[in-house]
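The residues making up each chain are set out below.
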Amino acid sequence: MGYKRNKIYKLVWAEDSGDMAGFEVRCRSLPLGRFRALMQLLDGRAPADMIEELIGEFAGVIVDWNLEDDDDEPIAPTAEVLLALDHEFVLTLIREWAQAIAGVSAPLETPSPSGEPFQEASLPMDEL
């Protein structure tokens, strides 16, 4: 039996995250070439005629999210929905997803032990 890559990235906005507080989304990755093209969107270098295509690709990696409309009904994560949302929200979502893929680690759950002091610091030193 072979290996199948199925990495899911869970993004959660903390309660102190302003207007995105409580938002959660789970996403897959993209092939490297398409990921690089999507990064051009964040840099403002994506050609205007590719923006809808790139947003559509990003919508395709969203597994699920907890976004709801004004009537508390779930909103499906589609390209049409992403294109209808405000620019800042969509770019923040893509930016956080890109950081998760790039390997920016979350803080350690428990404090890391500081370890022992270097032995060299305790060696007696004489002037030469």
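Quick note: structure is the one above.
Engineer: Run through the overall build of the chain, naming residues and quoting values.
Structural biologist: Along the chain, the regular secondary structure elements total 4 helices and 3 strands. Seen in sequence order, the chain has helices and strands lined up from the N terminus as β-β-α-α-β-α-α. Classification of the 128 residues of the chain by burial places 27% in the buried group. Within the chain, contacts between residues at least 6 apart in sequence are counted, and of these 52% link residues at least 24 apart. Just so you have it, the chain exposes about 9700 Å², and 52% of that area is on carbon and sulfur atoms.

Engineer: Which residues make up the packing of helix α2 (residues 51-61) against helix α4 (residues 87-101), and what are the values?
Structural biologist: Remark: α2 packs on α4, axes separated minimally by 12 Å, with the N-to-C direction vectors making an angle of 60°. Comparing the axis directions of α2 and α4 gives the class oblique. Relative to α4, the crossing made by α2 is left-handed. Between α2, through Ile-55, Phe-58 and Val-61, and α4, the contact on the second element is made entirely by Val-90, Leu-93, Ile-94 and Trp-97.

Engineer: I'd like a description of the environment of Leu-42, backed by residues and values.
Structural biologist: Topologically, Leu-42 is positioned in helix α1 (residues 32-43). As a C-alpha pair, Leu-42 and Val-90 span 48 residues in sequence and 10.0 Å in three-dimensional space. Residues contacting Leu-42, with those up to four places away along its chain left out, are Leu-91, Ile-94, Arg-95 and Ala-98.

Engineer: Help me get a handle on the sheet that holds strand β1 (residues 9-12), residues and values and all.
Structural biologist: Strand order across the open sheet formed by 3 strands is β1-β2-β3, with antiparallel pairing between neighbours. Two strands bound the open sheet, and with one partner strand each, they are β1 and β3 (62-65). Going from strand to strand, the sheet's axes swing by 15° on average, the running direction of each strand aside. Bridge analysis of β1 against strand β2 (residues 24-27) gives 4 bridges, and the strand direction is antiparallel. Note that in β2 the partner of Tyr-9 across the bridge is Cys-27. Here α2 sits on the sheet in contact with β2 and β3, set at roughly 70° to β3. Taken strand by strand, α4 contacts β1, β2 and β3, and its axis lies near 130° from that of β1.

Engineer: Describe in detail the nonpolar core, supporting the description with residues and values.
Structural biologist: Grouped together as the largest cluster of nonpolar side chains are 32 residues, with contacts concentrated most on Phe-58, Leu-93, Ile-94 and Trp-97. Secondary structure elements with two or more residues in this core: β2, α1, α2, β3, α3 (79-84) and α4. Sorting elements by how many residues they give to this core places α4 first, with 7 residues. Ignoring anything within four residues of it in the chain, the contact list for Leu-93 reads Leu-11, Trp-13, Phe-23, Val-25, Phe-58, Ile-62, Trp-65 and Leu-82.

Calculation rules
- Residues numbered from 1 in each chain as written.
- Predicted model: local features only at pLDDT ≥ 70, side-chain atom pairs only at ≥ 80, totals over all residues.
- Heavy atoms only, no water.
- Helix = DSSP H or I, 4+ residues; strand = E, 2+ residues; numbered from the N terminus.
- Buried < 20%, exposed > 50% of the residue type's maximum accessible area, 1.4 Å probe, protein only.
- Contact = heavy atoms within 4.5 Å.
- Areas by Shrake-Rupley, 256 points an atom, 1.4 Å probe, with all protein chains shown as cover.
- Axes fitted to C-alpha atoms, helices over the stretch in contact; angles between N-to-C directions.
- Parallel < 35°, antiparallel > 145°, perpendicular 65-115°, else oblique.
- Left-handed = near helix turned anticlockwise from the far one by under 90°.
- Pairing = 2+ DSSP bridges.
- Core = buried A, V, L, I, M, F, W, Y, C linked by side-chain atoms within 4.5 Å.

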